[in-house]
Structure formats: structure tokens, C-alpha cells
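Observations on the model geometry
These are the residues of each chain, in order.
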Amino acid sequence: MKGKLLVIFSSSHGYAKRYVDIIGNALGCDAVPADKFKPDMLGGYDKLVYIAGIHGGQLGGFKRISEYLDIMYDKLAVCGVGMFPYKKGLAESVRDSSISVTYEKFIPVFYVQGGFDMSELSRREKLSINMTARQIKINNIISESDTFFLNTIATPIDEVKLANIRPLIDYLDGKTVDEELYAPAEITDPEEIKKFFEEQEAAAAAPVDPKRALKKKLKK
């Protein structure tokens, strides 16, 4: 891989951290836990990755670095680690739930299957999982994902492996990656990026039409 890579991670149960180790073995990288990250660490790095487990549908710990997206979005890739096998739409879900609309068009997002073991969870997490399981069981229709979820609660899984994270590794290595395997950035051209932020600034600076503002308020 050309350039220097920093991986920022949050790993409650160890699955995301093991993927960090796989990335390091494949490409070489520096790594820092999200709760130890400081923006002055970014100097000298050509590429950045944020990888974390998914909790309540959101990327764990991402709020700790989201306030610095303005200085890192153009180097950043994001990866969520969850219990479900990869399928198209999961990466997009991670993007939509965790990355602000200001920067979501510029950041490629990946999803990998990690693992799940009920015995590793806190009491609060177990209560939440059991409530979800009860809700699924009382539904008239149980989806394929619901069935997988219920089976995984009963039987722990561990799917951390190189094959799962390969699309992200290939992306970081400058290789072409099938867009079915992740959610690519929508805007990559520097001129288009510049135009986007200029339009954002212009919209923010535009005078507010009192009548339009009142109509918008009344519609809510």
C-alpha cells in the first residue's frame, strides 16, 4: 500500500480489534482506540480508517471523532462490524445512521461480519437482546434475518476472517473493489467537493425569508 495508514477503532467485545490486527498484517498500519484519539495524531497519515462494532444500529464510538470530520473526511473510510453476514444495504445502513449528511457523500463505508456471544454481553445488553427476541417471536412473520438473530443468540458465532475484510484491504491498497461489496463515496472529484461546500456556505449565509420560514414551521 502506498502511503501511511492510521486505523481508529472501538471494540467492545474484541471483534473489531481483531480486524484491526488483520489490516495491520496485510498492509501495515498504526492503530489507536477511539477514546484515545486526538486530532493532532492525523499529521503524516495519507489514509484513515474508522472501524467499530455496531450497537443499536449505529457505529460504536463514532461520535468521538465525528466532530473532526472536517479535517479528515477526504482521507477516511469507515467500517462497521456486526453479527449478520454481509449483504448489500448493510454498509449503506451504517452510513445513514452514523455519518452526518454533510460528509456522507465523501466517505466510503464497509460492513463486515464479526461475531456474537451472549455470555460476553453486559446485563443491560442482554436485556435489550432478549426484548428484541421476544418481539420477533410474537410477530406473525419471521424474516430470514430474524431467524439468524434468534439462532445466534442460542449458539455463539465467530466469523472474523481475512476474507470478510478483503474488500476494505483492497480498497486501501488502491485496487478496484466491486461496488456491490461496500457503499462507495458518491463524490470524489476535488472540484465537485469544492463546489458542494461552496453551495453549503452560500445556503447558510443566505438571508432568511420570514414568510417561507413561517410556512416551513407550520408544516412541521
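Our subject in this report is the structure included herewith. (Residues numbered from 1 in each chain as written. Predicted model: local features only at pLDDT ≥ 70, side-chain atom pairs only at ≥ 80, totals over all residues. Heavy atoms only, no water.)

**A closer look at the pairing of strand 1 (residues 5-10)**
Where burial is concerned, most of strand 1 is hidden: six out of the six residues are buried. Neither face of strand 1 is left uncovered, since the one carrying Leu 5, Val 7 and Phe 9 and the one carrying Leu 6, Ile 8 and Ser 10 both have all their residues buried. Judged from the four bridges that link them, strand 1 and strand 2 (residues 30-33) form a sheet pairing that is parallel. Looking across to strand 2, one finds that Ile 8 is bridged to Val 32. (Buried < 20%, exposed > 50% of the residue type's maximum accessible area, 1.4 Å probe, protein only. Helix = DSSP H or I, 4+ residues; strand = E, 2+ residues; numbered from the N terminus. Pairing = 2+ DSSP bridges.)

**Brief notes about the side chain of Glu 92**
By the element assignment, Glu 92 lies in helix 3 (residues 90-98). With relative accessibility at 16%, the residue Glu 92 sits in the buried group. Apart from the residues lying within four places of it in its own chain, the contact partners of Glu 92 are Tyr 182 and Ala 183. (Contact = heavy atoms within 4.5 Å.)

**Focus on the state of the cysteines**
Each disulfide is one covalent bond, formed between the sulfur atoms of two cysteines. In this structure the tally under the stated criterion is zero disulfides. As a non-bridged cysteine, Cys 29 has Cys 79 as the owner of its nearest cysteine sulfur, 13 Å distant. Since its relative accessible area comes to 25%, Cys 29 is described here as partly exposed. A relative accessible area of 0% places Cys 79 in the buried class. (Disulfide = S-S within 2.5 Å.)

**Remarks on the packing of helix 1 (residues 15-27) against helix 6 (residues 162-172)**
The N-to-C vectors of helix 1 and helix 6 enclose an angle of 50°; their axes lie 10 Å apart at closest approach. In terms of orientation, helix 1 and helix 6 fall into the oblique class. Remark: the crossing between helix 1 and helix 6 carries right-handed chirality. Counted together, Tyr 19, Ile 22, Ile 23, Ala 26 and Leu 27 of helix 1 and Leu 162, Asn 164, Ile 165, Leu 168, Ile 169 and Leu 172 of helix 6 form the full contact between these two elements. Considered class by class, the residues forming the contact of helix 1 with helix 6 number 10 nonpolar, one polar and no charged. (Axes fitted to C-alpha atoms, helices over the stretch in contact; angles between N-to-C directions. Parallel < 35°, antiparallel > 145°, perpendicular 65-115°, else oblique. Left-handed = near helix turned anticlockwise from the far one by under 90°. Nonpolar A, V, L, I, M, F, W, Y, C, P; charged D, E, K, R; others polar.)

**Brief notes about the pairing of strand 3 (residues 47-55)**
Two elements, strand 1 and strand 3, share six bridges in a ladder whose sense is parallel. The residue bridging Ile 8 from the neighbouring strand is Tyr 50, located in strand 3. Relative to strand 4 (residues 58-59), strand 3 is paired through two bridges, and the arrangement is antiparallel. Directly across from His 55, in strand 4, lies its bridge partner Gln 58. Connecting the antiparallel pair strand 3 and strand 4 is a turn made up of two residues, with Gly 56 showing a positive phi of about 60°.

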